[in-house]
Each structure stands twice: as structure tokens, then as C-alpha cells.
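# Structure at a glance
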Amino acid sequence: MDVRRRRSPAKLPSQNNDVASSNVEVTSRKASDALPLPLYLTNTVFLALFFATVYFLLSRWREKIRNSTPLHVVDLSEISALFGFVASCIYLLGFFGVDFVQSVFFRSSSEDDVYEIDDHLVLNEDLRKKIPIPPCGQSLDCSSLPMKPNSIDPPRESDLSSEEDEEIVKSVIEGTIPSYSLETKLGDCKRAAAIRREAVQRITGKSLAGLPLEGFDYNSILGQCCEMPVGYVQIPVGIAGPLLLDGVEYSVPMATTEGCLVASTNRGCKAIHMSGGAFSVLVNDAMSRAPVVRFPSARRAALAMFYLQDPANFERLSLIFNKSSRFARLQSITCRIAGKNLYPRFSCSTGDAMGMNMVSKGVQNVLDFIKTEFSDMDVIGISGNCCSDKKAAAINWIEGRGKHVVCEATIKGEIVKNVLKTSVEALVELNVLKNLTGSAMAGSLGGFNAHASNIVSAVFIATGQDPAQNVESSHCITMIVAEGDDLHISVSMPCIEVGTVGGGTQLASQSACLNLLGVKGSSNTEEAGSNARQLARVVAGTVLAGELSLMSAIAAGQLVKSHMKYNRSSRDIGPSSQVNNR
Ligand code: ADP
């Protein structure tokens, strides 16, 4: 660990001459400055010196007493040992003694000193004009731009556990230790988060008191889920259900801060359950990636397209693609061409993983191979946006991406009346005018539904999915038709992108939610990917429940009323209006 207890005399950025000329020493010299070594090495050297000289001098004096030699007669080795003894005493006294005394008697004044000293580092107005100050996150990684610690508003207790941590915080603020390197340097993810958090608070002058630090396993996110953590956001998880889907009851976890959402979905689940349940079909399962490659001419690009789409080449290409993982199985390659540029869209099954990494690796394998056939091919990007990941795109809506699920239920007329408080006719009419016609009028892309993304997002967050994939995962068309006295409702969702391994699914809370649904981790069955597929069905089933309930609320004119009841707690109301309400 290359972290020192002391700061070396900090200098303002040398790229600025005005600043360089005003180098200032920001700390008074300490005993630990004696050697240009890390603190622990300096301490080790002086402790070793102390004990070695004490041992040496005592043994020599014992010898002298035995031989009746006067003690004041000393040779060169004893002079050196005495010198070493005195030096180590001074060091150890200076390091432990003085610091201890200061920490007892002068704590507050020495803390003030830190700020006084760092005030020297405050960039004056001129310097601010010359060096643009980056946003907070960047400034943590800036090695040349010292930051001014601010007083923190509101005041709060520090999460730091030692004086060494305090020094590291100062180094992070000064930019001598990059914030991103704390985990590697300290080998302790929780400590790194605490130090970074403290540095952020001092730099911004804003307290993070409401953002918890404790109670989270920071090791579990290292190198996988989140960089430079300073805490975690708590999102409440509610349970909707039981959702009776394909004869099995599911309690569906939904992480949300939108009042009514879980309650409404729960009502939909109840109506579905009382009507005999919902049924789902998974019609396709393929994650896609489409790189963009360029050729010297459109003719060459077309040649490559014919090669990639030729069924005679598929077996060879899929063998190469599938090497990316034992779970990746190439299903199709479809190409789009734009002049000299080609966008081959590779689609494959990915077992229980959502599969973006897997499919990208497979595509890279194929591109490497094709390069041998088409040496004039230039790979511009592994993703050329025809994939299309985390963006609304007609290609996803039409061809699908991830799991394509259709889910349906027939709701008895009396349940529509008694539980959903509306009528079959009203729901059918509302669906035509809102979800179909209204969305068409709005030029919607895959948005022929009432609020699929509400349910998708809440289930995604609870189960550790990538919430950004909510964009295409929420593509959904809701159909409602009358069947005699009853109502048939269905949702068709061509792009549910979910996994039960990888990404955020392995984190403790998310894993618990997957466990609740019985789809945690890798499938045990022979059939790879059945957990992820089951999760996609549950997402669609829950969307069905959400659609049924919200559409009923709108048809019955209850939407605003229920939002006022469940979405507006008195805690939202400011003091003045509370007074008025009383
Ligand atoms: P993604 O491809 O969704 O981004 P990862 O990169 O984490 O996710 O890939 C999933 C990893 O999990 C791969 O290394 C894969 O070998 C492994 N794995 C273990 N069990 C399974 C499974 N049942 N299905 C898919 N991948 C699995």
C-alpha cells in the first residue's frame, strides 16, 4: 500500500507558471517525514534501529561491567549505536509522543490548522479563470488540481475510523491519490467507500448523511456492478400477488417509489387469480448485437452481406460464434447495408444470462474470422446501433430482442364489475382509443400499452436487471376484447431482456427477490436458460395485471382519486399547508 500518513509538501499545478511560482508547503514537518519512505516502512526502520541499538549497548555495557572497563570509554561502534539510539528515540517520541499529546490537548486547533493550511490552496479568482474546475466526480481523479475542503452542510459525523484514513481523505482531495484507485490501494472496499464518501462531502460541502454506507457488501460490486461507490440508495420493495401464471402462484417483488403501483398491480393479480389465472407463451429467445463494419465499396459490403447470410456458411460461423460461451448459441445473422457500411445483426440464445457480454464476445469471434475472408473489412464498432440496446428502435419492436413473450387472461364479467369496478365495454373502448389509436396518433414505437414500463422497471430493479434496458423491454401492445360477457386481455412483449445470472442478479437483495420467484441463478434443469425465460414470463404476467388494473381505474375514472389517496402522504405537504389543513 503506497499510502503515507503524511502529505508531502503539496505544490500547485506546475502547468501554470503563476501557480508554480507560489508553491506552498501545506503541512508542518512531522517525525515521519524523516525518510522518503511509506509510513509503515519508516516506522519499521526506526523501531528496528531502536531495539537493535538498545540491545547492542546493553550487551556492551554488561561486558564492560564484567571486565571492569569504564563505561565512558566508547569505541566507534558504540558511538554509532548511541547516535542511532538517540535518533530513533527522537523519531519515536516525535511520532507517537508529540502526536499523542497534540491529539489530547490540541485536537480542535490542529483540525483548524488543516483548514487554515488548505486555505492557502484555495484557487484565487484568477486561477479559477485559467483552470476550468471540473465537476466533482472528475475532480476526485484530478492529480494536479487541489480542491478546497468545504464545511459540510448539514454537520454530520465522520465515517472514518483512523487517523490514517483522515490522511488518505486529504490526499484524495488534493488529487495525490485518485479516488478510483482506493479499492486497489487499500484492499478494503468498505474502507475505500468510506474514505471516498468523506472526500466527496468535503469537496462539495454537502452532507451524504441520508445515503447509507453501512449494511452493504462493497466487495460484491467490485469490478462488476458499480465503480467509486460512496453508499447505496434504498428503494422499497413491495409484493404484488399471488400472480397465478401457467398454474403457478408467484409473489412478485417490485422495487418502486411510485405510490399506487404495487397496490394497483396487486388488484390486477387478484382479478386474474379469481378468473382462473393467466397463461404465457415464450415465442422467441435471442439476444442481439450488430456491429458496424466498413468496406472500400458498396459492392464489397454487399458481398460480405451475401456471405454472412448464406445458409451454407451458417454452420461454420455458428461454430466460431458459439466459442464465446458454453451457453451462447447463434440463431441468425441478418444484415442491413448503408452504402459501404454493413450492419450484421447476430442473434443468439444466452442461457440464463441476459447475454450482452456473451453475444458481444461471439460477434468479436466471427469478425476476427471474417477478417481472414475479407481483409479489406474495417471494424468501426462492435455495436452499430442496429442491435439495438437501450434505445427505442423499430428493429426491436418488429424482430424482437431478448425474450418475446405473449401473456393472456380471460377475466370474468362479474370480476370486471366487482373487483375492477368497471365494465367490459368501457375497457374495450378505452383500449382502442387510448392504447391503440392514441399511441398511433402519438407516433409511438412499441408503446401501445397503458404503463408496461412501470411494472418492467419495478421488477427489473428488484431482481437485479439492467434498468436501462427498460427502454425496449417495455415495448408492449395490450389488446382487450370482449368474449361474450367476459373480457380477454393480452400483452405481447417482444423484447424482455432479463437474466438470472451475471450483472446485478448476484447481489444479495436482488438475489433474494429472484429466489422468491424461484428463478435464482443458473437453471438446474437440462434446458439451459429456463430460469431467465421463466422470469420473462413473470414480467409479462405482472405487466398484464398492471395493465388490467390501470385501464380499469382509468375507465372507472378512479385514477386521480386513488393517486391522491396513496401518492400524497401528509409528509409531502409543507409546514404552511399543514397548518392550513388543520
Ligand atoms: P451477460 O452476458 O448477461 O452480460 P455475463 O457476462 O455475466 O452476463 O455472462 C454470464 C456468465 O455466467 C458467463 O460467464 C457464463 O458462462 C456464466 N453462466 C453460468 N451459468 C450460466 C447459465 N445458466 N446461463 C448463462 N450463463 C451462465
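Read on for a plain summary of the structure. (Residues numbered from 1 in each chain as written. Predicted model: local features only at pLDDT ≥ 70, side-chain atom pairs only at ≥ 80, totals over all residues. Heavy atoms only, no water.)

Two elements in contact, helix α17 (residues 452-463) and helix α19 (residues 508-517), have axes separated by 6 Å at closest approach and are oriented at 110 degrees. The angle between the axes of α17 and α19 places the two elements in the roughly perpendicular class. Along the contact surface, α17 presents I461, A462 and T463, while α19 presents S509, Q510, C513, L514 and L517. Per-class residue counts for the contact of α17 with α19 are five nonpolar, three polar and no charged. (Axes fitted to C-alpha atoms, helices over the stretch in contact; angles between N-to-C directions. Helix = DSSP H or I, 4+ residues; strand = E, 2+ residues; numbered from the N terminus. Parallel < 35°, antiparallel > 145°, perpendicular 65-115°, else oblique. Contact = heavy atoms within 4.5 Å. Nonpolar A, V, L, I, M, F, W, Y, C, P; charged D, E, K, R; others polar.)

In the vicinity of the ligand, 13 residues are found, and the nearest of them are D352, G355, N357, M358 and S522. A distance of 2.8 Å separates a nitrogen atom of the ligand from a polar backbone atom of D352. Interatomic distance of 2.6 Å between a side-chain N/O atom of S522 and a nitrogen atom of the ligand. Alone, the ligand offers 560 Å² of accessible surface; in the complex the protein occludes 74% of this. Per-class residue counts for the shell around the ligand are six nonpolar, six polar and one charged. Here the shell around the ligand spans two domains, and each of domain 3 (237-285 + 397-566) and domain 4 (291-381) adds at least three residues to it. (Near = heavy atom within 4 Å. Polar contact = N/O pair within 3.5 Å; in protein donor to acceptor, adjacent residues only side chain to side chain. Areas by Shrake-Rupley, 256 points an atom, 1.4 Å probe, with all protein chains shown as cover. Domains from an automatic or database assignment.)

The next subject is the pattern of salt bridges. Going through the model one piece at a time under the given rule, you end up with 23 salt bridges. For R191, the salt bridge goes to D165, with nearest N and O atoms at 2.7 Å. Residue R191 is found in helix α9 (residues 189-204), and its partner D165 is found in helix α7 (residues 163-174); the two are separated by 26 residues along the sequence. The exposure class assigned to R191 is buried, which follows from its relative accessible area of 18%. Through salt bridges that share partners, R60, K64, D75 and E78 make up one connected network. (Salt bridge = Lys/Arg side-chain N within 4 Å of Asp/Glu carboxyl O. Buried < 20%, exposed > 50% of the residue type's maximum accessible area, 1.4 Å probe, protein only.)

Let's shift gears to the pairing of strand β8 (residues 402-411). The pairing of strand β3 (residues 279-289) with β8 spans seven bridges and is classified as antiparallel. Each residue of the ladder has a partner; that of V281, found in β8, is V406. Bridge count for β8 against strand β11 (residues 486-496) is eight bridges, and the pairing is antiparallel. Within the sheet, the bridge partner assigned to V406 lies in β11 and is S492. (Pairing = 2+ DSSP bridges.)

Attention now moves to the side chain of K403. On the secondary structure map, K403 appears in strand β8. Take K403: its relative accessible area is 1%, and that puts it in the buried class. Side chain to side chain, K403 and D285 meet in a polar contact 3.2 Å long.

A few words on the packing of aromatic side chains. As enumerated under the stated definition, the model contains nine aromatic pairs in all. Geometrically, the ring pair formed by F321 and F346 is stacked, given 6.1 Å between the ring centres and 15 degrees between the ring planes. With F321 in helix α12 (residues 311-321) and F346 in strand β6 (residues 341-349), the pair connects residues that are 25 residues apart, well separated along the chain. Centroid distance W397 to F448: 6.0 Å. Interplanar angle 25 degrees. Geometry classified as stacked. A residue pair is termed long-range when its members are at least 10 positions apart, and W397 in helix α14 (residues 394-399) and F448 in strand β9 (residues 447-448) qualify at 51 residues. Looking at F448, the relative accessible area reads 15%, which means it is buried. A connected cluster of aromatic rings, assembled from ring pairs, spans F50, F51 and F85. (Phe/Tyr/Trp six-rings, centres within 6.5 Å; stacked < 30°, edge-to-face > 60°.)

A cluster of nonpolar residues, L58, W61, I65, L71, V74, L76, I79 and L82, forms a patch on the protein surface that exposes about 740 Å² of accessible area. Of all the elements in the fold, those that place two or more residues in the nonpolar patch are α2 (39-67) and α3 (76-105). As for its placement among the helices and strands, V74 is situated in the loop between α2 and α3. Look at V74 and you get partly exposed, because its relative accessible area is 36%. (Patch = residues over 30% accessible without salt bridge, like charges linked within 9 Å, V, L, I, M, F, W, Y side chains within 5 Å.)

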